Amino acid sequence: MKKNNFCIIILIYFLFTNINQTLTAQNFFLKGQFWSNNQFFENPLETQTSLQNQLGYIPTLSIFKNLSNEKLIDIEWAHKINRIYSDQALLSSYDKPYRWWIRYSTDKLEARLGLQKIAFGPAQILRPTSWFDTIDPRDPTGQTDGVEAFRLKYFPNNFLSLWTWVMDTGSEKYSYGVRTELSGNSGDWGFTIHQNKTEDINQLGLLPIIMSGSHSRIALDYRYDGLIGFWFEGASFFSTNDLYNLATIGADYTLPIYNGVLIMIETMQINGSPNNNIILDSIKNINETYSVLMASVPIGLLHQVMAVAQLDWERSQSNYYLRWGITYDRFSLNFSLSANPKINDYRQYQDYLPTNLSGLGNVLEFTVIYNHCLLYTSDAADDTPCVDLGGRRII
């Protein structure tokens, strides 16, 4: 808790010592995302009704200052407020910081401290490297969890980038890691190592991985963009008690039909031995294979249709997802239908399937999203679409 307070004090100090100078330079954003989600479940949990409603809002304040020689310093603060209702009863409430960070960047370096998004790897749905995020392309809000960390990125040239980070785990011990990315004509490579020294038991991102205690993570990923896009992600998680190996291969191609139909396919293999794991004590060996087929097509300028089929090969179970999205200016309307196995169809470790492969039977969903943005800046070259405080559109 003291570490968190220390980072917040640094952020507040920067804000108040630079606010007058920053606002005089006319460089700040005030933006936000409001969403309303309504879900109808064919097979609700025993403690819930078949209808659930969700309301949420994320206000975001960004302040930045351009320094000399292509140097930039900026801060961002965002807070997430979310309420979920079952019938008229409050089911859950979320009221926590969503982002708060300070960043210094040049053409060769980026240093960022605070609650931030850290994501990498080319896979889209079945992602062995979803270690610190909860990104799911089927979520129309595009939201993802953040981590409290100091991250440093160095770009010695146009082909190589070097990352390192130190994360606050909420205990007396930190976790830390490094990543290298290399780009070339033959494709983009990434190599990642992360060390977690905490003794907690936790699930990693959207993965069906339950690690107990201190552990290490190592990953290799590759992407090639040609006539057909191709990628690979492989990761290993190991500790004194547990060992998991994951591998995903995927490809995408745009069919020259209508406005272009994007087809994506991924397959992930998971092998693991969760020895002496308190949660999965009765499962000594895991051998899972999952596949995903996704297709999306734009219809005109406003409409987008996405379809996703998922298969759990071991259980011979399928999940299906269909979404029709309409985007106009800052409004987005999304209608979706999910067809999933019922909860009682799952075996003992149902709660530890990949989050984006689990479901609650058939679900009908309607989501309204509104993104607003006010921009007050003297930088005419800024390319963020907003409305300034005088009411003019800035492009």
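This one's a predicted model, so the numbers in the text were calculated from it and none came from an experiment.

## Observations regarding the overall build of the chain
- For the chain, the count of helices and strands is one helix and 22 strands.
- Out of the 395 residues belonging to the chain, those deemed buried represent 43%.
- Long-range pairs, those at least 24 residues apart, make up 52% of the contacts in the chain with a sequence separation of at least 6.
- When the accessible surface of the chain is totalled, it reaches about 20400 Å², and 59% of it is carbon and sulfur.

## Structural notes on the packing of aromatic side chains
- This model, assessed by the stated rule, comprises 13 aromatic pairs.
- Each residue in the set F120, W131, F132, W163, W165 and F237 is aromatic and connected to the rest through ring pairs, giving one cluster.
- Taking NZ or CZ as reference, K80 lies 5.5 Å from the ring centre of Y94, over its face.

## Quick word on the nonpolar core
- Core analysis: the biggest nonpolar cluster contains 31 residues, and F132, F237 and L246 have the highest contact counts within it.
- Here this core takes four residues from strand β16 (residues 286-299), the largest share from any one element.
- One finds I58, A78, Y98 and I369 within the second-largest nonpolar core, a separate group that totals five residues.

## A closer look at the environment of N185
- With respect to the helices and strands, N185 occurs in the loop between β8 (174-184) and β9 (187-196).
- Distance from N185 to D225, taken between C-alpha atoms, is 9.5 Å for residues 40 residues apart in sequence.

## Brief notes about the environment of L160
- Residue placement: L160 occurs in strand β7 (residues 160-168).
- Beyond its immediate stretch of four places on either side in the chain, L160 contacts Y154, F155, T180, E181 and L182.

## Observations regarding the side chain of R323
- Looking at the secondary structure, you find R323 in strand β18 (residues 317-328).
- For the buried R323, no salt bridge is present, and the opposite-charge side chain at shortest range is D139, 6.6 Å distant.
- Not counting residues within four places of it along the chain, the set of residues in contact with R323 comprises P137, R138, D139, P140, Q304, V305, M306, N334, F335 and S336.

## What to know about the side chain of S175
- Locating S175 in the fold gives a position in strand β8.
- Judged by its relative accessible area of 3%, S175 falls in the buried class.
- With residues near it in sequence (within four places) discarded, S175 still touches W165, V166, M167, T169, H194, Q195 and N196.

## Some thoughts on unusual backbone geometry
- Here the phi dihedral of Y258 falls at roughly 55°; this positive angle occurs in a residue that is not glycine.
- Its relative accessible area of 61% is what places Y258 among the exposed residues.

## Thoughts on the pattern of salt bridges
- Under the criterion given, the structure shown has 11 salt bridges.
- Between E181 and R179 there is a salt bridge, with the nearest N and O atoms lying 2.9 Å from each other.
- Exposure remark for E181: the relative accessible area of 23% places this residue in the partly exposed category.
- Residue R179 is classed as buried on the basis of its relative accessible area of 3%.
- In this structure, D221 engages R179 in a salt bridge whose closest nitrogen and oxygen atoms are separated by 2.8 Å. Placement of the pair is D221 in strand β12 (residues 215-224) and R179 in strand β8, with a sequence separation of 42 residues.

## Describing the pairing of strand β4 (residues 89-105)
- Note that strand β3 (residues 71-86) and β4 share 15 bridges and pair antiparallel. When the sheet's bridge partners are listed, R83 is paired in β4 with S93.
- Here β3 folds back onto β4, and the loop between the two strands holds two residues, one of which, D87, carries a positive phi near 60°.
- Note: β4 against strand β5 (residues 109-116), six bridges, orientation antiparallel. From the neighbouring strand, W100 faces β5, where its bridge partner is L115.
- Between the end of β4 and the start of β5, which pair antiparallel, lie three residues.

## Details of a nonpolar patch on the surface
- On the surface, F159, V178, L182, W189, F191, I193, I218, L220, F238 and L243 cluster together into a nonpolar patch covering about 870 Å² of accessible area.
- Elements with a minimum of two residues in the nonpolar patch: β8, β9 and β12.
- Structurally, the position occupied by V178 is in strand β8.

Rules behind the numbers
Residues numbered from 1 in each chain as written. Predicted model: local features only at pLDDT ≥ 70, side-chain atom pairs only at ≥ 80, totals over all residues. Heavy atoms only, no water. Helix = DSSP H or I, 4+ residues; strand = E, 2+ residues; numbered from the N terminus. Buried < 20%, exposed > 50% of the residue type's maximum accessible area, 1.4 Å probe, protein only. Contact = heavy atoms within 4.5 Å. Areas by Shrake-Rupley, 256 points an atom, 1.4 Å probe, with all protein chains shown as cover. Phe/Tyr/Trp six-rings, centres within 6.5 Å; stacked < 30°, edge-to-face > 60°. Lys NZ or Arg CZ within 6 Å of the ring centre and 35° of its normal. Core = buried A, V, L, I, M, F, W, Y, C linked by side-chain atoms within 4.5 Å. Lys, Arg positive; Asp, Glu negative; His and termini not counted. Salt bridge = Lys/Arg side-chain N within 4 Å of Asp/Glu carboxyl O. Pairing = 2+ DSSP bridges. Patch = residues over 30% accessible without salt bridge, like charges linked within 9 Å, V, L, I, M, F, W, Y side chains within 5 Å.

The analysis is restricted to geometry; functional conclusions fall outside its scope.
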